[in-house]
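In case you want the letters, here they are:
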Amino acid sequence: MRLPVEMQFFYRQNIDYLTENATNPDKRRYSVVGEAERHFIDLDMYGDSALHILPRYWPDAVKKLGEDSLRKHGIVPWHVQTAAFQLTNAFKEKDAARILRISADLGHYIADAHVPLHTTRNYNGQLTNQEGIHGFWESRLPELFADKYDLWIGAAEYKDPIAEQIWNTVAASHLASDSVLLFEKELSKDFKPDKKYSYELRNNVLTRTYSREFSEKYHQLLHNQVEHRMRLSIKMVGDIWYTCWVNAGQPDLKELSGFTFNGADKKIDGAEEAGWFKRLFMVRPEAED
C-alpha cells in the first residue's frame, strides 16, 4: 500500500503470492546449503568495533576476512544488497516471476535484519540461560499485541545507497539487543516459573508459552520496541522495492498485468521438509514458535 500507483497495482494483484511465500527463506534454511547465513550476522564475534571494521560491500569483506569466516557468522547485510541488485535486474528484464520471488525473499531478509537477536551469537539466550527468548520477542509479543500496532508508515521513499540503509538497520538492531536480553532476565527475578509460563492449546497440542502477565510486563519494559522495529522493517521493505524499481529505469509494470503463476511456479523451490539436513549441516536453528 506504500508503493506508488505505477507499482502498486502489480504488487496488489499478486498480494496472495507475496503473503504465502514471504516465509520461503525460513523453509529453505534446512534444505538449501548457504541459506541459513542470509538471515543474521553475529556482530559480537567481530569485537566492539565490528561496525567500524566490517567492509560495507561483499567483495571487500571477502578480501579482508575470507568468505568461509563471513558465512559462519552470518551475511544478512551483504545479502540484502545482493537481493536488491537481483530485484533491480528482474525489473529491467520485466520478469514478473523473478520480481515476485525476489521481492518476497528480500522482504524476509530485511525484516530479519530488524530483529535485535539476529545480530548476536546469543540469538536465543542460550548463552545466558534465557533459551526461548527469540520466539518470545518476535512471535509471542506480536501475537498478543500486534492488533494495537500502528503500521501505517506513509509513501515509499527512494533510498540509495542500499548498503548504507541495511548497515544502519543492523547497527540499530544490535544496539537494541542488550535491552532485549537484560529486561527479560531482570523481569524473571520477579516471576516464579508457574507465573512466567502458561499452557495454551495450539493445533490441538498443549504447549508451554510465556504467560500473558509476564508478556505484558516485558512489553511495557521494552517501550513498544517490537512495534517500532516492525514499523521500520515495513518502511524499509517498501523503500527498497521502490528504489530497485527506480534504479531499473521505472519500467512499465502494466505490461505484466496478465501474469499468473502456474501450479509448478507456486511450489517452493528447495523448501521441502528435511530435518536431517539441519543435523547434517549443523544449521543455526531458528525460533519454532
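In this text, all values refer to a predicted model and were calculated from it rather than measured experimentally. (Residues numbered from 1 in each chain as written. Predicted model: local features only at pLDDT ≥ 70, side-chain atom pairs only at ≥ 80, totals over all residues. Heavy atoms only, no water.)

1. Quick look at the overall build of the protein
Move 1: Secondary structure assignment for the protein yields 15 helices and two strands.
Move 2: For 289 residues, the compact-globule estimate of 2.2 N^0.38 gives 19 Å, and the C-alpha radius of gyration of the protein, at 20 Å, lies within 12% of that figure.
Move 3: Along the first, second and third principal axes, the C-alpha set of the protein runs to 60 × 45 × 40 Å.
Move 4: Out of the 289 residues in the protein, the part that is buried amounts to 48%.
Move 5: For the protein, the share of sequence-separated contacts (at least 6 apart) that also reach a separation of at least 24 residues comes to 76%.
Move 6: For the protein, the accessible area works out to roughly 15,000 Å², and carbon and sulfur atoms hold 51% of it.
Move 7: Placing the 37 positive and 43 negative side-chain charges of the protein at their respective mean positions leaves the two points 2 Å apart. (Helix = DSSP H or I, 4+ residues; strand = E, 2+ residues; numbered from the N terminus. Rg over C-alpha atoms; globule rule 2.2 N^0.38 Å. Buried < 20%, exposed > 50% of the residue type's maximum accessible area, 1.4 Å probe, protein only. Contact = heavy atoms within 4.5 Å. Areas by Shrake-Rupley, 256 points an atom, 1.4 Å probe, with all protein chains shown as cover. Lys, Arg positive; Asp, Glu negative; His and termini not counted. Charge placed at Lys NZ, Arg CZ, Asp CG, Glu CD.)

2. A look at the nonpolar core
Move 1: Ranked by internal contacts, the top residues of the largest apolar core, which has 47 residues, are Tyr11, Phe91 and Trp241.
Move 2: Breaking this core down by element, the ones donating at least two residues are helix 1 (5–13), helix 2 (15–21), helix 7 (76–93), helix 8 (96–113), helix 10 (162–188) and helix 13 (225–247).
Move 3: A per-element tally of this core places helix 8 first, with ten residues.
Move 4: Core analysis: the next-biggest nonpolar cluster, separate from the first, contains 19 residues, Phe145, Val180, Tyr197 and Tyr218 among them. (Core = buried A, V, L, I, M, F, W, Y, C linked by side-chain atoms within 4.5 Å.)

3. Points about the pattern of salt bridges
Move 1: The full count for this structure, using the stated rule, is 20 salt bridges.
Move 2: With a shortest N-O distance of 2.9 Å, Glu200 and Arg140 are connected by a salt bridge. Highlighted residues: Glu200 in strand 1 (residues 197–202) and Arg140 in helix 9 (residues 133–145), separated in sequence by 60 residues.
Move 3: We classify Glu200 as partly exposed; its relative accessible area is 27%.
Move 4: Of the residues examined, Arg140 reaches a relative accessible area of 2% and is grouped as buried.
Move 5: Across the pair Glu200 and Arg202 runs a salt bridge whose closest N-O atoms are separated by 3.5 Å.
Move 6: Connected through salt bridges with shared partners, the residues Arg2, Glu157, Lys159, Lys235 and Asp239 form a single ionic network. (Salt bridge = Lys/Arg side-chain N within 4 Å of Asp/Glu carboxyl O.)

These values are about where atoms sit, not about what they do.
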